[in-house]
Amino acid sequence: MSTIGSAEGFQAVSLKQEGDDQPSETDHLSMEEEDSGKGLMPRHISRQSSVTESTLYPNPYHQPYISRKYFATRPGAIETAVEDLKGHIAETSGETIQGFWLLTKIDHWNNEKERILLVTDKTLLICKYDFIMLSCVQLQRIPLSAVYRICLGKFTFPGMSLDKVLLKKCFKPVMRQTLYRQSCTTFAKRQGEGLRIYWGSPEEQSLLSRWNPWSTEVPYATFTEHPMKHTSEKFLEICKLSGFVSKLVPGIQNAHKNSIGSGRGKKLMVLTEPILIETYTGLMSFIGNRNKLGYSLARGSIGF
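What you see is a predicted model; the values in this text were computed from it and never measured.

(A) Layout of the overall build of the protein. Assigned secondary structure in the protein consists of 9 helices and 10 strands. Across the 304 residues in the protein, those meeting the buried criterion constitute 36%. Taking as baseline every contact in the protein between residues at least 6 positions apart, the subset at least 24 positions apart corresponds to 67%. With the model as given, the accessible surface of the protein reaches about 19,800 Å², and the carbon-plus-sulfur share is 56%.

(B) Fine view of the pattern of salt bridges. Per the counting criterion, the structure on display carries 5 salt bridges. Here Asp 107 makes a salt bridge to Lys 113, at a shortest N to O gap of 3.4 Å. When its relative accessible area of 8% is taken as the criterion, Asp 107 is described as buried. Between Lys 292 and Glu 112 there is a salt bridge, with its nearest N and O atoms 4.0 Å apart.

(C) Region of the structure containing helix 3 (residues 77–92). Given a rise of 1.5 Å per residue, 16 residues ought to cover 22 Å, and the 23 Å separating the end C-alpha atoms of helix 3 matches this to within 8%. All buried positions along helix 3 are accounted for by Ala 77, Ile 78, Ala 81, Val 82, Leu 85 and Ile 89. Here the buried residues of helix 3 occupy an arc of 125° about the axis, which is enough to place them on one side. The exposed set on the far side of helix 3, more than 90 degrees from its buried face, consists of Glu 83, Ala 90 and Glu 91. At the exit of helix 3 stands Gly 94, carrying a positive phi of roughly 70°.

Definitions and cut-offs
Residues numbered from 1 in each chain as written. Predicted model: local features only at pLDDT ≥ 70, side-chain atom pairs only at ≥ 80, totals over all residues. Heavy atoms only, no water. Helix = DSSP H or I, 4+ residues; strand = E, 2+ residues; numbered from the N terminus. Buried < 20%, exposed > 50% of the residue type's maximum accessible area, 1.4 Å probe, protein only. Contact = heavy atoms within 4.5 Å. Areas by Shrake-Rupley, 256 points an atom, 1.4 Å probe, with all protein chains shown as cover. Salt bridge = Lys/Arg side-chain N within 4 Å of Asp/Glu carboxyl O. Expected span 1.5 Å × (residues − 1). Arc of directions from axis to C-beta.

What is shown is where atoms sit, not what they do.
Quick look at the structure:
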C-alpha cells in the first residue's frame, strides 16, 4: 500500500553536506573516550578529504525556480513566438530573417520592457509579445536604411531628478535615507551596458512626446540584455547584446549601400559613449522595474 501523503511515508533525515558521511572531529573524540573507558586502545580515525569539486556560486545555469517565473523561458514559448513572427514576415514582406533575439527595451522614462527583435535584410522589427497568451501585441518596423547612429556604453542619469526632491519633502529622515539609497541604486547603478539605435534626431522630438511615457514617436530605441540570459545555453545566445550588434551593424551598412534616394551613400556611425536616460520623475519606473511589470511574469496565486 502506498504511503504517499500519509505520516508513515515520511522519514526523518539529517541534512549533510558533501563529505559529512565521514566521522567529524567530535565523533573522533567521543570514540576515543568511549574506547579508553573500556580499557581498549584508542582508534585513530582520520577524516578523508572530499574528492568532489564544489561548484562556484552562483551557478548561472542552475536557477530553475527563478527562470520558471518568466513565461519566455517555458518550454516552446520562444519557439512559438519566433514561428508566429516568421509567418507574419513571410505573408507581409517576404524578407529574409538574419536572426532573432530576446532583449530588454528601456524606454525614455527608464521603464524596462521585454521585447523580441528580428533583423531582416531590410528591416529591424521590435515586437512586444505576450508570452502568456502567445500572441504578438505590437510590432514596430524600422527600415535599416534609416538608422544612422548606434551608441554602445554604460547608462547615465541626470544629476537632478524630481523623485529626489519628493523624497526630501515627503518622508521622515530615517525612511528618506533608505528610499534615497534604493532610488540611487536603481538610477545610477544599472548593471551591464546598453545599446541605443537612432533613426531620427532627438532634438526634433516634441516636448509632448518627450514627457509622454506612452509615446511611440521617440526617434530611438535603447536595449540591454534580458535578465534570463544565464538560464541556459540557448538563452545565453539569444539574449546576448554583442550577438545582436554583430548582425545589426552589417545589415545597416548593406541597407545603406542598396538604398535609393536621399539615404544613398549615408554612413553608419558606431560610437562608444555613455547612454543618457533622461528621466527626471523616476518614481513610476522605480516601482515598475522593481516588480518586473514589463515582463510576462508569473505573479503568484491571488485567490485562496
